[in-house]
Amino acid sequence: MPRYDPARIEPRWQAYWEQHQTFRTGPYEPGREKLYVLDMFPYPSGDGLHVGHPEGYTATDIVCRYRRMTGHQVLHPMGWDAFGLPAEQHAIRTGTHPRETTYRNIDTFRRQLKMLGFSYDWSREFSTTDSDYFRWTQWIFLELFDTWYDPDCEWTGPDGRQRTGRGRPIAELAIPDEIAAGGDEAVRRYQDSHRLAYQHEAPVNWCPALGTVLSNEEVIDGLSERGDHPVERLPLRQWMLAITRFADRLLDELELVDWPESIKLSQRNWIGRSTGAEVDFYIGPPETSTETLDAGFASWQADRTACGFPDAAGPDVLRVYTTRPDTLFGATYMVLAPEHPFVDRLTIDSQKEAVSGYQAQAAAKSDLDRTDLAKEKTGVFTGSHAVNPVNGSPIPIWVADYVLISYGTGAIMAVPGQDERDWEFAEVFDLPILRTVQAPEDFQGKAYTGDGPAINSEFLDGLAIDDAKARIISHLDETGQGTTPVNFRLRDWLFSRQHFWGEPFPIWHELDDEGNRTGLMRTDPDESLPVELPENFDFKPHGRPDPPLEEAPDDWLYRTDDDGTRLKRESNSMPQWAGSCWYYLRFADPQNQERFVDPQLEQNWLPVDLYIGGAEHAVLHLLYARFWHKVLFDRGHLSTPEPFGRLVNQGMILGEAELTGYRDEAGDWVSSPEIDTATFAGESVSLSGDEVEKRGENFVLKSDPGIVIDSRAFKMSKSRGNVINPDDIVAHYGADALRMYEMFMGPLEATKPWSMSGVEGVSRFLGRVWRMITEERADDPCPNRAIQDVAADDDQLRLLHLTIKSVTEDIEKLSFNTAISRLMEFTNAVGQSDPRPTALMEPFILLLSPFAPHISEELWNLLGHESSLAYEPWPEWDEARLMTATLDIPVQVNGKLRGKVTVASDADPETIQAAAESDEGVARHLDGKTLVKAIVIPGRMVNFVVK
RNA sequence: GCGAGAGUGGCGGAAUUGGCAGACGCGCCAGAUUUAGGAUCUGGUUCCCGAAAGGGAUUGGGGGUUCGAAUCCCCCCUCUCGCACCA
């Protein structure tokens, strides 16, 4: 008597699929519709799969299985984003090589995914840590290194779209004569300064106690997350990628993709394009004092009017960026970021101590501390002044950390009258405030940032903001004191890490006689790639901020080139993002030894048609991947301008809902809204469902209904102890039940709480399906004797066709929860009927198969089919079969439902109205009233309006 | 603070896009089967009044448009998720 036993049938079909290579994508067939469906690249962590993974993976699997049955050629690969810190930290703790840990974790992940029955083409699997893969990651880095961005290049891509601006080979960069005159080395340095991959000093979080560099997330309040050790900010030579050069392209071409608006918006905000003005404030040549400042101003202005606004700010001016040039007359002081190069020079002797102290303080703070915690504005006066270019008045120059060196020019003109931050600062330090926009009479606040006529602004007075901006910009332009650049919030991408477990850079630094870097570089030739990580060396922290690879064996770290130049290998490694930036390309051609992807295969399979993953990658991964894609596109390696067509974010799965009550120190219950979580010192008590009841909006304690109880679901976390392990669910209920439950929980994109009894519900459904098809009481598996080759009746056929239609349409909408409920309705209706026509059961199994493939294969097989149903044609529905002879039509009187009438489905309005009026329940409500209007919508409803 | 999304039974969620609110599942209640438990099957289950027939209320709250609103418009409240001194 075989019951539904997933533990028996699931491994069997998994083995069958593997043996028969059922889901291997064959050679691309021209003319047949293709579908490339991709899951976001998982990091194979040591904890194994969590229940969030199967959510997206099941969704994509359903689409793929469905599309194979509709005749599409489907590309559905899986691989591993396996470089990264956890394996390295594990290695430092245990001495196990990260490679070993990584490949062991991959084995676990692969086993778990196979256990869930996903239809990946495993022959395409790879890991970012495979040298055969990172060889091409390094090659792409060399392409970036070999590319400069020509903002003026007008061209039409293979996609037919016209663009201005293109990444071009560095050899095509025009060398100015004065550079060429400086010789070969000058030319090389000039080229290096234009490459998309370049070097730059950038601060890192150096923790001397741990002897390692930490990421921003690992630093909390200036202390290390592990061990609370102090963290310093140190400038270090780093690699940067000039993603900002592509900012406009990344922004504009968002219109080419089918992504959720919210994700597009996040990207737009992250790129943060703003147009404003750069304005130069005269400070005089070095050594100018406040007394002598005035003297040079007039002649400087005259020079500028004659020569115009220079590209680079000279030593005699402070250049600021502002989006509100119309408020220039209200600029009553200036502020420099503590890191601004002019700070030292502008600080007068008596202020030196205060200023350098302030700079040191700012350097110690992380970016987070400087923003989040700095409620009260801080700063120091340099003692120097600059001249406001529109009215010639000297204004003080301050240093404050509310101005960031990395945005705009690192200096601002402060307009406290129209800027809240500047107002706050002016209040603290008692600086003058001048309103230059007329606030409305009822305006109560401090700084006024709204629109209004300009005041106290001479030739701008009376103009609204936009007009005033235009007017002042043309004035600044004419006098050579300002210009209108575009600014981005987006920064260039810090592309190096001081870690061992990442891709090495294919870069060599030239050394001088003393063994110091000259700043000149050479690259590893393409054919010598990959650059492997060194073997046999201790990757433990060596106690200095520079990368662990600095301690690599000399034969890895040094060599002498043919011309006798001593070279030292780049010792930084690439960040984890690198490998995930292009993996979707490699899947189209994973074994290619000649290229990163064959151009024909790229054209065949790209772009990704459906990309599903968590919203945590809304900005960075998607932006970085788009950036690399565009560089490769510009360089002629790709035919598609965007990597991902349709993007869907799966929602988070929370832990099971919890009911929590609170008791104070005395042990008395306290209502949850009365509790201030920050100060509450009592205990929280977990309650069961029968201890509480619903009263109005809230849950309250049954024993004391005055006490309000918290009811909510929390994010799964080890510390909360509410983590669900997919292995346990599979062991208990089977993979099909887990897959179906995760799809049945609610809409794919919604955040939703886990429910163990929900899993049981779905598992019971699979049991009903099993009994509908099989004879449970027989000793060996055999079809249920109610299943017979008889004709289905009209009602059954209507239900079948309705189910086919709904399930098909729901899958296409990714509305899996409603598709499953349709399948349930079907079994509820025919699961007990006898006989059960084969012609009903077989299409049903096919409809079920994308969701619960194992049980479906088993039942299909039981009904006498020799081979897998994976490529059976998907059932089709017949609209004519959906029609019924009669329809129940609701009848309303004054909008309230008062009855229902059954009429022929093709009845005309008069017939329907007559039937409605004669309905007993309706007639009662019409009786004695005047009929004002009758609305009859055939096939839908009737509404009588009466008085 | 700014931005986005969401508020529907005891719970997760449906609702053809303006036309029978609560599909489907969980939970609960009753019945059948069973020595019993489990499993299974059948029926019921938004709330209130009522023995019933029936009636009333109801999609976070308030207002509006409409014959008709969960759905469209305005105001407010709550929750979740991003971003956060970007000049």
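In this text, all values refer to a predicted model and were calculated from it rather than measured experimentally.

Conventions adopted
- Residues numbered from 1 in each chain as written.
- Chains lettered and ligands numbered in written order.
- Predicted model: local features only at pLDDT ≥ 70, side-chain atom pairs only at ≥ 80, totals over all residues.
- Heavy atoms only, no water.
- Helix = DSSP H or I, 4+ residues; strand = E, 2+ residues; numbered from the N terminus.
- Buried < 20%, exposed > 50% of the residue type's maximum accessible area, 1.4 Å probe, protein only.
- Contact = heavy atoms within 4.5 Å.
- Areas by Shrake-Rupley, 256 points an atom, 1.4 Å probe, with all protein chains shown as cover.
- Lys, Arg positive; Asp, Glu negative; His and termini not counted.
- Charge placed at Lys NZ, Arg CZ, Asp CG, Glu CD.
- Domains from an automatic or database assignment.
- Core = buried A, V, L, I, M, F, W, Y, C linked by side-chain atoms within 4.5 Å.
- Pairing = 2+ DSSP bridges.
- Axes fitted to C-alpha atoms, helices over the stretch in contact; angles between N-to-C directions.
- Phe/Tyr/Trp six-rings, centres within 6.5 Å; stacked < 30°, edge-to-face > 60°.
- Expected span 1.5 Å × (residues − 1).
- Patch = residues over 30% accessible without salt bridge, like charges linked within 9 Å, V, L, I, M, F, W, Y side chains within 5 Å.
- Salt bridge = Lys/Arg side-chain N within 4 Å of Asp/Glu carboxyl O.
- Parallel < 35°, antiparallel > 145°, perpendicular 65-115°, else oblique.
- Left-handed = near helix turned anticlockwise from the far one by under 90°.
- Arc of directions from axis to C-beta.
- Polar contact = N/O pair within 3.5 Å; in protein donor to acceptor, adjacent residues only side chain to side chain.

**Comments concerning the overall build of chain A**
Moving on, step 1. Counting its regular elements, chain A contains 29 helices and 39 strands.
Moving on, step 2. If one aligns the C-alpha atoms of chain A with their principal axes, the spans along those axes are about 105 × 85 × 70 Å.
Moving on, step 3. Across the 947 residues of chain A, 52% fall into the buried class.
Moving on, step 4. Taking the intrachain contacts of chain A between residues at least 6 apart in sequence as the baseline, contacts between residues at least 24 apart amount to 70%.
Moving on, step 5. By element, 48% of the accessible surface of chain A is carried by carbon and sulfur atoms, the whole surface being about 42,600 Å².
Moving on, step 6. Of the charged side chains in chain A, 92 are positive and 153 negative, and the gap between their average positions amounts to 4 Å.

**Focus: the domain arrangement of chain A**
Moving on, step 1. Domains assigned within chain A are domain 1 (32-140 + 576-653), domain 2 (143-243 + 495-502 + 514-569), domain 3 (273-488), domain 4 (658-712), domain 5 (726-879) and domain 6 (884-946).
Moving on, step 2. A separation of 69 Å is found between the C-alpha centroids of domain 3 and domain 5.

**Quick notes on the nonpolar core**
Moving on, step 1. Judged by nonpolar contacts, the single largest core of 86 residues is most densely connected at Met740, Trp754, Phe816 and Phe851.
Moving on, step 2. Sort the elements by how many residues they give to this core and helix α23 (residues 756-773) lands first, with 8 residues.
Moving on, step 3. The contacts of Phe816, once residues within four sequence positions are left out, are Ala59, Ile62, Val63, Met743, Leu748, Ile811 and Phe851.
Moving on, step 4. Formed by 82 residues, the second largest nonpolar core is a distinct cluster that contains Met40, Leu142, Trp556 and Tyr583.

**What about the sheet that holds strand β20 (residues 507-511)?**
Moving on, step 1. Strand order in this open sheet of 4 strands is β21-β20-β23-β22, and the pairing throughout is antiparallel. Both edges of this open sheet fall to β21 (517-523) and β22 (558-560), since each of them pairs with a single strand only. Each neighbouring strand pair of the sheet contributes to a mean axis angle of 35°, computed without reference to strand direction.
Moving on, step 2. Bridge count for β22 against strand β23 (residues 566-569) is 3 bridges, and the pairing is antiparallel. Considered in β23, the bridge of Thr560 is made with Arg566.
Moving on, step 3. The sheet contacts of helix α7 (residues 184-192) involve β20 and β21, and relative to β21 the element is tilted by about 75°.

**Considering the pairing of strand β32 (residues 708-712)**
Moving on, step 1. Sheet analysis places strand β27 (residues 658-663) next to β32, joined by 3 bridges and oriented antiparallel. When the bridges of β32 are listed, Leu659 appears paired with Ser711.
Moving on, step 2. Relative to β32, strand β31 (residues 698-701) runs antiparallel, the two being bridged by 2 bridges. When the sheet's bridge partners are listed, Val700 is paired in β32 with Val708.
Moving on, step 3. The turn linking β31 back onto β32 is made up of 6 residues.

**Looking at the packing of aromatic side chains**
Moving on, step 1. All chains considered together, the criterion is met by 56 aromatic pairs.
Moving on, step 2. Between Trp80 and Trp122, the aromatic rings sit 6.4 Å apart at their centres with planes inclined by 20°, giving stacked as the arrangement. One end of the pair, Trp80, is in the loop between β2 (73-75) and α3 (85-94); the other, Trp122, is in the loop between α4 (98-115) and α5 (131-145), and 42 residues separate them in sequence.
Moving on, step 3. Classification of Trp80 as buried rests on a relative accessible area of 0%.
Moving on, step 4. When its relative accessible area of 19% is taken as the criterion, Trp122 is described as buried.

**Describing helix α25 (residues 816-830)**
Moving on, step 1. A rise of 1.5 Å per residue sets the reference length of α25, with its 15 residues, at 21 Å; its end C-alpha atoms lie 21 Å apart and thus fit the reference within 8%.
Moving on, step 2. Among the residues making up α25, those that are buried are Phe816, Asn817, Ala819, Ile820, Leu823, Met824, Phe826, Thr827 and Val830.
Moving on, step 3. Buried positions along α25 lie against α2 (52-69), α22 (735-744), α23, α24 (794-812), β35 (836-837) and α26 (838-848).

**Topic: a positive patch on the surface**
Moving on, step 1. On the surface, Lys896, Arg898, Arg924 and Lys929 cluster together to form a positively charged patch.
Moving on, step 2. As for its placement among the helices and strands, Arg924 is situated in helix α29 (residues 920-926).
Moving on, step 3. We classify Arg924 as exposed; its relative accessible area is 58%.

**Structural notes on the packing of α24 against α25**
Moving on, step 1. Put simply, α24 and α25 touch, their axes get as near as 8 Å, and they point 165° apart. Taken as axis vectors, α24 and α25 run roughly antiparallel relative to one another. The element α24 and its partner α25 pack so that their crossing is left-handed. Where α24 approaches α25, its residues Gln796, Leu799, Leu800, Thr803, Ser806, Val807, Asp810 and Ile811 are matched on the opposing element by Phe816, Thr818, Ala819, Arg822, Leu823, Phe826, Ala829 and Val830.

**Description of the sheet that holds strand β24 (residues 608-614)**
Moving on, step 1. If you walk across this open sheet you meet the 4 strands as β2-β1-β24-β25, and the pairing is parallel. Of all strands in the sheet, those bounded by a partner on one side alone are β2 and β25 (644-650). On average, each strand axis in the sheet is tilted by 20° relative to the strand beside it, whichever way the strands run.
Moving on, step 2. As defined by bridge partners, strand β1 (residues 34-39) adjoins β24 across 3 bridges and the pair is classed as parallel. Across the sheet, Asp39 pairs through a bridge with Ile612, a residue of β24.

**Here's the deal with helix α21 (residues 726-733)**
Moving on, step 1. Every buried residue of α21 is listed here: Pro726, Ile729, Val730 and Tyr733. The buried residues of α21 occupy an angular sector of 100° when projected down its axis, which confines them to one face. Opposite the buried face of α21, by more than 90 degrees, sit the exposed residues Ala731 and His732.
Moving on, step 2. Turning to α21, the residues buried within the fold contact α1 (6-20), α4, α22 and α23.
Moving on, step 3. Of the residues flanking the start of α21, the one acting as N-cap is Asn725, its side-chain oxygen 2.9 Å from the backbone nitrogen of Asp727.
Moving on, step 4. Gly734 sits one or two residues past α21 and shows a positive phi near 95°.

**Here we look at the environment of Pro837**
Moving on, step 1. Here Pro837 shows up in strand β35.
Moving on, step 2. Spatially, the C-alpha atoms of Pro837 and Gly651 are 40 Å apart, while their sequence positions differ by 186 residues.
Moving on, step 3. Residues contacting Pro837, with those up to four places away along its chain left out, are Gln788, Val790, Ala791, Ala792 and Gln796.

**Here we look at the side chain of Glu570**
Moving on, step 1. Note on placement: Glu570 falls in the loop between β23 and α17 (577-580).
Moving on, step 2. Once you skip the residues sitting within four places of it in the chain, Glu570 turns out to touch Gln199, Arg237, Trp239, Phe505, Ile507, His509 and Trp556.

**Some details on the pattern of salt bridges**
Moving on, step 1. Counted by the stated rule, this structure contains 60 salt bridges.
Moving on, step 2. Close ionic contact of Asp561 with Arg522 constitutes a salt bridge, the shortest N to O distance being 2.8 Å. Residue Asp561 is found in the loop between β22 and β23, and its partner Arg522 is found in strand β21; the two are separated by 39 residues along the sequence. Note on accessibility: Asp561 and Arg522 belong to one class, buried.
Moving on, step 3. Here Lys805 makes a salt bridge to Glu879, at a shortest N to O gap of 3.3 Å. Here the residue Lys805 occupies a position in helix α24, and Glu879 occupies one in the loop between α27 (853-862) and β36 (886-893), the gap between them amounting to 74 residues.
Moving on, step 4. Judged by its relative accessible area of 21%, Lys805 falls in the partly exposed class.
Moving on, step 5. Here Glu879 falls in the partly exposed class, since its relative accessible area comes to 41%.

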